[in-house]
Amino acid sequence: MSKEEKKPFSQTMAEWRQFVYNPRSGEFLGRTAKSWGLILLFYLVFYGFLAALFTFTMWVMLQTLSGDIPKYRDRIRSPGLMISPKPVTALEFYFNKSDSQSYAEYVSTLKQFLKSYDDSKQSKNIACTAGKLFEQNEDRAIKQACQFNRTKLGSCSGVEDDTFGYAKGTPCVLVKMNRIIGLKPEGEPHIECLPKEEGKVQITYFPDGGMIDLMYFPYYGKKLHADYLQPLVAVQLAIISNRTKEEVTIECKIMGSPNLKNEDDRDKFLGRISFKIQMSE
Amino acid sequence: TSQSKQMGLQEVIPGLTSARAAEILARDGPNALTPPKSTPEIIKFLKQMVGGFSILLWVGALLCWIAFGIQVAQGVASAFDNLYLGVVLALVVILTGIFAYYQEAKSTNIMASFSKMIPQQALVIRDGEKREVSAEQLVVGDMVEIKGGDRIPADIRLIFAQGCKVDNSSLTGESEPQSRSCDFTHENPLETKNIAFYSTTCLEGTATGMVINTGDQTIIGRIASLASGVGNEKTPIAIEIEHFVHIVAGVAVSIGVLFFIIAVSMKYKVLDSIIFLIGIIVANVPEGLLATVTVSLSLTAKRMAKKNCLVKNLEAVETLGSTSIICSDKTGTLTQNRMTVAHLWFDDQIYSADTSEEQTTQSFDQSSQSWAALSKVVTLCNRAEFKPGQENVPIMKRVVVGDASETALLKFAEVILGDVMGIRKRNRKLAEIPFNSTNKFQLSIHETEDPNDKRFLMVMKGAPERILERCSTIMINGEEQPLDRERAEAFQTAYMELGGLGERVLGFCHLYLPEDEFPDTYPFDTDSMNFPTSNLCFVGLLSMIDPPRSTVPDAVSKCRSAGIKVIMVTGDHPITAKAIAKSVGIISANSETVEDIAKRLNVPVEQVNKEDARAAVINGMELKDMTTEQLDEILINHSEIVFARTSPQQKLIIVEGCQRQDAVVAVTGDGVNDSPALKKADIGIAMGIAGSDAAKNAADMILLDDNFASIVTGVEEGRLIFDNLKKTIAYTLTKNIAELCPFLIYIIASVPLPIGTITILFIDLGTDIIPSVALAYEKAESDIMNRRPRHKKKDRLVNEQLAVYSYLQIGIIQSIGAFLAYFTVYAEQGWLPNTLLGLRVNWEDDYYNDIEDSYGQEWTRYQRTYLQWTGYTAFFVSITIQQVADLIIRKTRRNSIFQQGLLRNKVIWVGIVSQIAIALILSYGLGSVTALNFTPLRVQYWFVAMPYAILIWVYDEIRKLFIRQYPGSWWDKNMYY
C-alpha cells in the first residue's frame, strides 16, 4: 500500500499543475469556467440574501431600542471612579516639578478636559438648588443641566495656576464619578482619598470635603441631556518634600452614599480608584 | 493384546528424565505459540496523545504558555487566563486521549477473553512413569499418549497407534478424518501417516508418540508466524478520518497563519497575534469529534455483536460496510455443515427432499410400495443411533453417534417414519457387515416384524454402481421387475443426474431370504458370508448433500443488489462446489461457465469466448499454474466465481488478486492456514464456532454463528455507520465556523470579543457531544443495500460538498444568527453596533475605566468584561439553539425530515434536551463562577437566533427537495454530500 502511494515528486507536481489548470478539460482549480461562474453566482445570491436578512433583522432589533436611554442598565448599577489626567500607561504619574516638559501632557489634558466647564459653555445651564436631586419632568424633550463652575475647583481650576500645581510640587488630579443614566445617589456622597502610608502627602479637596452635590443627578443621557456636566472633585496633593522621589500610592473612594458601592472584590474601580504618583525635583 | 503391547513399549522407552526435560525446556522454551507481537500499552497510549487533532491542540497549549510567560514578564494582570487556557487545552488532549485509549482497550478485551484457553494437559511418560503435565511443559523427545477427543499437544511422530484418526481440518482445510499409524508413508511430513500435528484433534483411537517439534517450531507455529509477517494495513475508515483531520487541520492552520499575518500587518502586537492564533485553532478544531466517532463506532460494534458479528477492532465496523468482495468458505458458512438427504430415486423417478434446518416432515409422494421397501432398508441398514435422553429435542438437532451419511439417513428416517429405534427393535438384527473401503457396501440381516412372515430380510447399501452389480431385479411400484438394460440405463441417468448436483449418492437393495433355505435357527456367519450377496432386488437411490443454510440465498441476493461480489473458496470438489454455488445464488440460475457454454454449443473449451461466461469455476490445480495476470483477468471478467479444491494457502493469492482490483475484501476462514489470508484481507472474518484460535487471532471480526447471512447484516450496519458518521461530522463542523467567525471579526473590525475560547470548548465538549453521538442511532434513509459499495478513493467520508455546505452555508447562517444575538445584547445595554467598531483596544485597556457608551454612560473595565461575558453567553446560546436546527437537518441527507420521521430516532431528542439542559445549567447554574465566563442570560436572548434556526431548517429542506427533484443536476452535484 504505502509503496503504491509514494509517488515521485515530479508526478506530484504534474498532478498539481493539472489541478491548477487542466488544458484538456479547461478546468481551473478543478472546475470549468462555467462551473466557477455558476458557483460564484450562487454564492453571490446566497450571501446577498443573507446580508439582506442580517441587515433587516438588525434593523428590526434597533427599532425596538429607544434613542434616549438604553433598554437595560443592569450591568452598571453603581458608578466607577476615574481620574483626569489619565497617564498613558498604568495609573502612575511621574514628573519633575522643575521640568515643565515632564508634566506638559498632564496639564494639557486637564486644560482640554476643563474646557467644557468654561463659563462661556455654560450659558444655557441653570443654577440648581444645591443638595437636592434635580429631577426633571418626563415630557421635557431637552433636559436642563446644572452649572458647575471651574471656580469650585479652587487652586485646581487652572484659572490662577495654569500648571495645576505641577510646577509647585502640588499636583492636581481630578476625580470624577462615571455617568450612569438615572443614577440617584443617596446620602451625601463625597470623595475621600487616602495615601497608603500616612504622612507622605497632604491632600486638599475642591470643593470642600470632596463633596459631590446631588443636584447633578440624575443624568438623562447624551441625547436628552446634551449640556450635562458631571460634577468633579479636585484633589491637590502636597507631597511632603523629604518624601520626594518616593512613590506614593493614593486610593480615592466615594463615601457617604449607601447606594454607591466602593468595596467590590472583582471591580477595582467601582466607587474607588488608586493611583501612584512620584515627583522629583 | 494391545494392552500388553503398550505396557511393553512403556518398559522399553522410559521417556526422558525430569532433569533432561527441564534442560531441554530451558533451551527451547515452553511449548506454546509466541503471541503476535503487540504494541506496548504505553506506545498505544502515547499514540492517542499525538494522533488526530492532538498535535494542533498541543501547539495551542504551548502557545498559551508562551503567551503566559511573556505576559507575566510584562506584568499583565490577565496573564493567568492564558496559563489556565493552556492547561485546559492540555487536559482536553489528555482526557480525549485516555478516552480513546480506554475504548480501544475495551474492544481488545473482548478478544482477550477468546484467547484465554483452559490450560491443556498432556499425558507424558517421564522417568519411566506416566504423568499429567501442562502441555506447555512438553519438550522435544518427550513421549506422549493420546486418545480420542484429545487435542494433539505438539508435533508428534507416532510409534504406536490403534484405530487412530485425526482431524487435520485446522491445518489443511480437509474435514475428512484421517487415519494415523506408525508407518512412514511419504517424504513430505504433511502427507506421511505417522506424524500428528500440534493443535489438530484426535477423533478416535489411541496413540503414543514422540514429540518432534514444540511451540513456534511446529508446523502450525510456522504458519502462525507467517501470518504475523503479513502487515496490518490501515482500515478504510482510518484513512477517511486521517483525510478529514488533514482537511480540518489544513483549514485551521491556513486560516490561523493567514490571520496571524493579517493581525501583524494590522499593527497588532505579536503577542496579541499569537493569542488570536490560539483562538482560531481552538475554534477550528472539533475537539470532541474523534471521541464521538469512537463512541459511534463502538455503539455499532455492540449492535453488530448482537447480530453475531463480533468486531475486534472498532474501525473494522466500517470496513465491513465498504466491502466490495466477500471471499466465503463453503462448509459451515454457506452450508449447514451437516449431511442431509436431498434427493431420492425410486420407481424410476427423482423426488426432492426438504433440506431446511428446521424440517419436521417430508412432503414427497410416499404412497408407493417401493418407498415402503426403501424406507425399511434405510432404517435397518444403519448403525447410527441417537444418544439417549433427547426425546424432547427437535430431530434435526439431536446428537447422533455415527458418521455423517448414516446420521443423515437416520434423521431422515426418523422424520418420516418416527421411532426408528423401535422399528429396529422389532426387526431384530441377526448379522451385520459394516462398511469398508474394499467392499464399499454395508449389509445386515434382520427378522421381520410380521410374525407370520418367517423369512429373513437382508438389507444392503453402498456405492450405487457396486450395489447395482449385485442386483438382478429392481422394484417398481412395489413389484419386482427384471433389471434389464433399459432399467439399468434409467438408473445410470438418475445416478449421473444426482451426482451432477454434487451430491453423495448411495444405492439400496434388499432380499427376502427364502424360508426353506434359511430356517429360524440358521447360523449366519459374516466372515464366511454363508448367505447370498448377489441377485438382489434394487430398491432405490438416496443422495445427500451438505445443504445451504436457508438464510444464505437471500443474503447472497442482498449482496448482489448491494454490489458486493461473493466468491466461494472451498476445498471441496468442483461439482459439489458449483451445485452449492448455484443453489445459494453465487452462480445465478441463468449464468454459464465456459465449460457449460462449450457443452451447450458442443465446441472445445478453447473456442468459447471467455467474456460470454459470467460464471467461472476454478480448480485449485488450475490456480496453481496461473500467472497473476491470468488471475486478474478471471477476477475482472467473471462476476460469479467459485474456487474449488483450493488449499488455504491459495486463499491468500485470491485475496491479493481481489485487492489488486482496488476492492475492499472480506475473507472468511476457520483454519490455522487461513490466518495469512485473514490478515491480508481488508477484513478477516473468523468463524466463532469452527474457527481455530489462530484464525480468530488473525481476524478483524468473529462470526459467532458461522453464518454467511450474519456477514450481510454486518455489512448493512457498516454502511449505515458510514452514512451516520458523515452526518455527525457535518453536524460538528458546522458550528466551527460560528466559533471561528467571532475571532475573525474581532481581529478585523476590532469589536469586543464575541465568544471566548473556554466557551468554545464548552460547545465542542459539552453541548455538542450527545447530539453528535445521537446521529449514530439514525435509521437509513433508503435501502442502503441497494447501492454499490463505496469506492475507496472516490466516495470520501468528508468530501468537498460536505465541507463547503457545512462551512460556507449553514456555518455562515449560524454565525450571522449568533452575531445578531451578540449585537442585540450590546445594543440593549447601551452599546450600539457603530460604537463597537474599532473599540477593542480601549475596551481591553485595564486602566481605561470610563469608556462612554452610545448613551453617554461610562463603564469600568470590569463592567465591560461582565458585559462581554454576557455576550459570550448569548453567542453560545445562539449557537446551541441553531445547533438544534442543525441536528435536525442532519438526520437526512436527501430525504425530507418529514419522510424520515421527526420522532423515530428518540436518541436525537435526548440529544436536543441534553444540549439545552447543559446550556441552561451553564448559564443559570454556573453563571456565577467567574472562571467559566458565563452569566445568567435574559430569557429573550435565547430566542434571538431562532429565526436563523428556522431558516437553517427551511433552507435545508429546500436543498433536499431540489436534490430529490433534479437528480444529476448542478444542484445535486454541488449540494449533496
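Residues numbered from 1 in each chain as written. Chains lettered and ligands numbered in written order. Predicted model: local features only at pLDDT ≥ 70, side-chain atom pairs only at ≥ 80, totals over all residues. Heavy atoms only, no water.

**A word on the packing of helix α28 (residues 800-828) of chain B against helix α31 (residues 861-889) of chain B**
The relative placement of two packed helices comes down to the angle between their axes together with the axis-to-axis distance. All names here are of chain B. In the contact formed by α28 and α31, the axes pass within 8 Å of each other and the chain directions differ by 150°. Considering only the axes of α28 and α31, their crossing is right-handed. Where α28 approaches α31, its residues Ile810, Ile813, Gln814, Gly817, Ala818, Phe819, Ala821, Tyr822, Val825 and Tyr826 are matched on the opposing element by Leu867, Gln868, Thr870, Gly871, Ala874, Phe875, Ser878, Ile879, Gln882, Gln883, Asp886 and Ile889. Of the residues contributing to the contact of α28 with α31, the split by class is 13 nonpolar, eight polar and one charged. (Axes fitted to C-alpha atoms, helices over the stretch in contact; angles between N-to-C directions. Helix = DSSP H or I, 4+ residues; strand = E, 2+ residues; numbered from the N terminus. Left-handed = near helix turned anticlockwise from the far one by under 90°. Contact = heavy atoms within 4.5 Å. Nonpolar A, V, L, I, M, F, W, Y, C, P; charged D, E, K, R; others polar.)

**A few points about the packing of aromatic side chains**
The final tally for this structure, using the stated rule, is 60 aromatic pairs over all chains. Residues Phe456 of chain B and Phe524 of chain B carry aromatic rings whose centres are separated by 5.3 Å and whose planes lie at 90° to one another, so their mutual orientation is edge-to-face. Here Phe456 of chain B is found in strand β16 (residues 456-462), whereas its partner Phe524 of chain B is found in the loop between β19 (504-513) and β20 (536-545), with 68 residues between them in sequence. On the numbers, 5.2 Å between centres and 90° between planes, the contact of Phe819 of chain B with Phe875 of chain B is edge-to-face. In this pair, Phe819 of chain B is assigned in helix α28 and Phe875 of chain B in helix α31, connecting sequence segments 56 residues apart. Both residues of the pair, Phe819 of chain B and Phe875 of chain B, count as buried. Among the aromatic residues, those joined into a cluster by ring pairs are Phe42, Tyr43, Phe46 and Tyr47 of chain A together with Tyr805, Tyr955, Phe962, Tyr966, Trp970, Trp971 and Tyr977 of chain B. Above the plane of the ring of Trp843 of chain B lies Arg864 of chain B, whose end atom (NZ or CZ) is 5.9 Å from the centre. Taking NZ or CZ as reference, Arg959 of chain B lies 4.5 Å from the ring centre of Tyr805 of chain B, over its face. (Phe/Tyr/Trp six-rings, centres within 6.5 Å; stacked < 30°, edge-to-face > 60°. Buried < 20%, exposed > 50% of the residue type's maximum accessible area, 1.4 Å probe, protein only. Lys NZ or Arg CZ within 6 Å of the ring centre and 35° of its normal.)

**Topic: the state of the cysteines**
Residues and elements named next belong to chain A. Tallied over the entire structure, the rule returns three disulfides over all chains. Note on cysteine connectivity: Cys156 is disulfide-linked to Cys172, with sulfurs 1.8 Å apart. Disulfide Cys156 to Cys172: torsion about the S-S bond roughly -75°, handedness left-handed. Of the two residues, Cys156 sits in the loop between α4 (100-115) and β6 (172-177) while Cys172 sits in strand β6, which places them 16 residues apart along the sequence. A residue is classified by how much of its surface remains accessible, and Cys156, at 1% relative accessible area, is buried. (Disulfide = S-S within 2.5 Å.)

**Examining the UniProt feature "transmembrane region" (unreviewed entry) in chain A**
In the numbering used here, UniProt assigns the feature "transmembrane region" (unreviewed entry) to residues 38-62 of chain A. Secondary structure content for residues 38-62 of chain A is 100% helix and 0% strand, while the C-alpha to C-alpha distance between its ends is 36 Å. (UniProt positions renumbered as here; feature names shortened; annotations may be inferred.)

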